[in-house]
Amino acid sequence: MNLPVEVIEAVKQDRCVLFLGNRASLEAAELADGLYPEQKALAKELGWKKPANVVGKKGLIPSVEEAGAAFEKANGRAALLALLQRHLGAEVAPTAAHQALVRRFPLVFTTNYDDLIERAAASAGVPVDRLGRQSPLPKTEKGRCILYHLRGEFSLPESVIVSGPDFASRPLGADLKKQLRLLIRQQVVLFVGFRPDEEEFERLFAELSDAYGGELPRCHLAVAQGPIDDFLWQKWVWRGLLMFTADPVECLTELEARLV
């Protein structure tokens, strides 16, 4: 793994902001033999089907957002949340990645609904301020973690965001967008626990680009769960994304070791 020197130096200087994705929770579940589907499998569990007018599968990504909206329309919001919690809210232990991030990052944004970060922080004695999409960014403090649940959390069911209509009705707060613009300009952005061929990352990148007011400056992505094809590498490189292959535990434990 070629951990970027820019990331290491930024973390040393408390100038690195972390965005954590679903693959961190998937890794925790795999270590515990738990059930936590990949995004494509979750979309299919929610009933996603290939549109009838689409020929072939190449480039077609099963959409959790589309399937979630259709499932909610057919079965109701309570049933949707129950299905998601059954699959994504499994009681598994935080991994070394969660433990490392609460020690090293005073500001973390996550697209996960679970409480693995909070439990890791509690075991480490690190206070956590849990915030949502409408909350402005408070001042960070050494030894304290500010945690933004960008898609809500199961402990607050009304905050959970799944579908396109959910995102449309609950955009990022105006103050937070302004602060994100400054944060992205001044700090190094590190994405961990994502794959660039998944809808989750596309949505997050689009929201950050909107907050920034254009194409993001250079960012770093630890690509989880193995390599991706050349087409996707080229696509994201042109958008300023510097990628290296590393699962969350591998990435964040190696980062912590390099900081000693």
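Heads up: these notes are all about the structure in this document. (Residues numbered from 1 in each chain as written. Predicted model: local features only at pLDDT ≥ 70, side-chain atom pairs only at ≥ 80, totals over all residues. Heavy atoms only, no water.)

Before going further, it helps to spend a moment on the pairing of strand β1 (residues 16–20). Consecutive side chains of a regular strand alternate in pointing toward one face of the sheet and then the other. Most of β1 sits out of view: five of its five residues are buried. In the sheet, β1 pairs with strand β5 (residues 188–194) via five bridges, with the strands oriented parallel. Counterpart to Leu 18 in the pairing with β5 is Leu 190. With three bridges joining them, β1 and strand β2 (residues 107–110) adopt parallel strand pairing. If you follow Leu 18 over to β2, its bridge partner there is Val 108. (Buried < 20%, exposed > 50% of the residue type's maximum accessible area, 1.4 Å probe, protein only. Helix = DSSP H or I, 4+ residues; strand = E, 2+ residues; numbered from the N terminus. Pairing = 2+ DSSP bridges.)

According to the stated counting rule, one finds five cavities of 30 Å³ or more in the structure shown. Put simply, the largest cavity is a space of about 120 Å³. Forming the boundary of the largest cavity are 14 residues, of which Gln 39, Leu 88, Thr 111, Tyr 113 and Arg 151 lie nearest the centre. (1 Å grid on protein atoms, 1.4 Å probe; cavity = no way out; pocket = protein on both sides within 12 Å on 5 of 7 lines; lining within 4 Å. Points joined across faces, edges and corners; volume = space filled by probe spheres on them.)

This brings us to the pairing of strand β7 (residues 241–245). Where strand β6 (residues 219–223) lies against β7, five bridges are found, and the strand directions are parallel. In the sheet register, Val 223 faces β7, and the bridge partner there is Thr 245. What joins β6 to β7 is helix α11 (residues 230–237), and the crossover it makes is right-handed. (Right-handed = clockwise from strand over helix to strand, strands pointing away.)

In the structure shown here, the tally under the stated rule is 11 aromatic pairs. Relative to Phe 109, the ring of Phe 19 has its centre 4.9 Å away and its plane inclined at 15 degrees; by these criteria the two rings are stacked. In this pair, Phe 19 is assigned in strand β1 and Phe 109 in strand β2, connecting sequence segments 90 residues apart. Note on accessibility: Phe 19 and Phe 109 belong to one class, buried. (Phe/Tyr/Trp six-rings, centres within 6.5 Å; stacked < 30°, edge-to-face > 60°.)

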